[in-house]
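The lines below spell out each chain.
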Amino acid sequence: MDWANRVVLITGASSGIGRGLAVELARRGAAVGLLARRAELLREIVAEIEATGGRALALACDVTNAAAVRAAADQLSASFGPIDVLIANAGVASADQAEELKAEQIAGLINVNVIGVVNSVTAVLGGMVARGRGQLVAISSLAAYRGLPKSAAYCSSKAAVSAFFESLRLDLEPKGIAVTIIHPGFIKTQLTAGRKAQMPFLMELDDAVEKIVRAIEKQKKSYAFPWQLATIVRAGMVMPIFMYDWISRRNSFRE
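Thresholds, definitions, all that
Per-chain numbering applies: the sequence of each chain, read as written, is numbered from 1 onward. Local features in this predicted model are restricted to residues whose pLDDT is 70 or higher, and side-chain atom pairs enter the listing and the counts only when it is 80 or higher, whereas totals over whole chains, interfaces and linings include all residues. Water and hydrogen atoms were dropped before computing side-chain values, which therefore reflect all heavy atoms in the structure. A pair of strands is treated as paired once DSSP finds two or more bridges between them. Strands here are runs of E lasting at least two residues and helices are runs of H or I lasting at least four, both read from the DSSP assignment and numbered beginning at the N terminus. Only C-alpha atoms enter the line fits that serve as axes; for helices the fit covers just the stretch in contact. Angles between N-to-C directions range over 0 to 180 degrees. In what follows, a contact means two residues having at least one pair of non-hydrogen atoms within 4.5 Å. In this analysis, rings of Phe, Tyr and Trp, with Trp reduced to its six-membered ring, are considered paired at centre separations within 6.5 Å, and the interplanar angle assigns stacked below 30 degrees, edge-to-face beyond 60, and tilted for intermediate values. We call a residue buried when its accessible area falls under 20% of the maximum for its residue type, exposed when it is over 50%, and partly exposed in between, using a 1.4 Å probe and counting protein chains only. By definition, no residue in a patch forms a salt bridge, and every one has over 30% relative accessible area; like charges are joined within 9 Å, nonpolar side chains (Val, Leu, Ile, Met, Phe, Trp, Tyr) within 5 Å. Here, Shrake-Rupley sampling with a 1.4 Å probe gives the accessible areas, and only protein chains in the shown set may cover a residue. Here a salt bridge means any side-chain nitrogen of Lys or Arg lying within 4 Å of a carboxyl oxygen belonging to Asp or Glu. Comment on the angle field: the value is read as roughly parallel under 35 degrees, roughly antiparallel over 145, roughly perpendicular from 65 to 115, and oblique elsewhere. When the near helix sits turned anticlockwise from the far one by under a right angle, the crossing is termed left-handed; a clockwise turn instead gives a right-handed crossing. Under the scheme applied, nonpolar residues are Ala, Val, Leu, Ile, Met, Phe, Trp, Tyr, Cys and Pro; charged residues are Asp, Glu, Lys and Arg; polar residues are all the others, including Gly.

Moving on to the sheet that holds strand β6 (residues 177-184). Within the open sheet, the 7 strands sit side by side as β3-β2-β1-β4-β5-β6-β7. Their pairing is parallel. One side of each edge strand has no neighbouring strand; the edge strands of this open sheet are β3 (55-60) and β7 (222-225). Neighbour-to-neighbour, the strand axes of the sheet open up by a mean angle of 15 degrees, direction not taken into account. Of the pairings in the sheet, the one linking strand β2 (residues 31-36) to β3 comprises 6 bridges and is parallel in character. Each residue of the ladder has a partner; that of V32, found in β3, is A56. Helix α3 (residues 66-80) rests against β1 (7-11), β2 and β3 of the sheet, and its axis sits at about 160 degrees to β3.

Checked against the element boundaries, L57 lands in strand β3. Expressed as a C-alpha distance, the spacing of L57 and K102, which sit 45 residues apart in the sequence, is 37 Å. In this structure, L57 is in contact with V32, G33, L34, V46, Q75, L76, S79 and F80, ignoring residues within four places of it in sequence.

Attention now moves to the packing of aromatic side chains. According to the stated counting rule, one finds 2 aromatic pairs in the structure shown. Here the aromatic rings of F164 and F165 are separated by 5.9 Å at their centres, their planes lie at 70 degrees, and the arrangement is edge-to-face. The class for F164 is partly exposed, based on a relative accessible area of 28%. Residue F165 is classed as buried on the basis of its relative accessible area, which comes to 0%. Where Y223 meets F225, the ring centres are 5.4 Å apart and the plane angle is 20 degrees; that geometry is what we call stacked.

Taken together, the side chains of F242, M243, W246 and I247 present a nonpolar region at the surface, about 430 Å² in accessible area. Given a relative accessible area of 62%, F242 falls into the exposed group.

Interaxial distance between α3 and helix α4 (residues 103-131) falls to 9 Å at its minimum, and their mutual angle equals 40 degrees. What the angle tells us is that α3 and α4 run oblique. As α3 runs across α4, the sense of the crossing is right-handed. Residues A66, V69, R70 and A73 of α3 pack against N119, S120, T122, A123 and V124 of α4. Among the residues making up the contact of α3 with α4, the classes are represented as 5 nonpolar, 3 polar and 1 charged.

Quick look at unusual backbone geometry now. Of note, the bond from F225 into P226 is cis; its omega dihedral lies within 30 degrees of zero at -5 degrees. Examined against the element boundaries, P226 turns out to sit in the loop between β7 and α7 (227-238). The phi angle at K150 is positive, at roughly 60 degrees, despite the residue not being glycine. For K150, the position within the fold is in the loop between β5 (134-139) and α5 (152-172). With a relative accessible area of 23%, K150 lands in the partly exposed category. For Q219, which is not a glycine, the phi torsion comes out positive at approximately 50 degrees. A relative accessible area of 42% places Q219 in the partly exposed class.

Printed below as a string of structure tokens:
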């Protein structure tokens with residue numbers, strides 16, 4: 001993939017995976033639109049990218065606001081050209097025992113992790129269909145495969161994202177649009193910083209970004225990593241329920 005001819009919209013771009021992808025893709029020549037709520041952080045990243053000769057645009061808005069996301073996508077297209085790649089990365093996490101769950105908190109998480117992805121896709125999809133090309137990328141999670149302790153809201157939101165994108169792939173690939181679902185494990189970001197729970201095969205951010213970029217370039221339909229943890233998770237999908245429950249209750253990844 002020649003990134004020099006690509007315009008990329010990245011949500012959740014103010015930190016973590018989103019920021020890492022924005023800096024790396026700009027370094028490879030892409031024009032990147034950085035969408036997140038924290039305007040000051042976005043401006044700092046844009047300045048960093050431009051200082052090395054890259055092209056970037058700060059798009060401060062909330063992914064839960066469909067009209068604002070569409071306006072941001074239009075602004076990026078007006079500045080750099082039609083959007084070639086969407087990386088739907090914005091998301092939040094939670095760690096709550098089932099008896100502590102609150103409806104409004106779950107609704108807020110679903111609104112960001114699922115509806116935010118829907119808003120991002122619909123903001124760019126019309127243009128991609130009209131041109132007969134483009135790529136939609138979802139940053140899901142290995143947590144999408146099965147339910148985990150203290151993760152009811154998070155696991156369900158990522159499962160929804162993965163299923164949503166899988167359906168999109170079936171509909172859109174015949175129209176020339178590639179769909180890629182990324183299922184990362186544990187990565188050193190603000191979401192994992194300070195956590196005391198076990199995080200097996202924890203990866204450095206730069207290593208994770210390199211793997212994600214490679215999967216996007218190859219237009220993989222689905223990519224799960226690191227392979228060690230992905231293998232364990234996939235094994236869990238075929239385990240008898242009693243065995244899965246026994247193992248999962250003794251290996252919680254949440255405090």
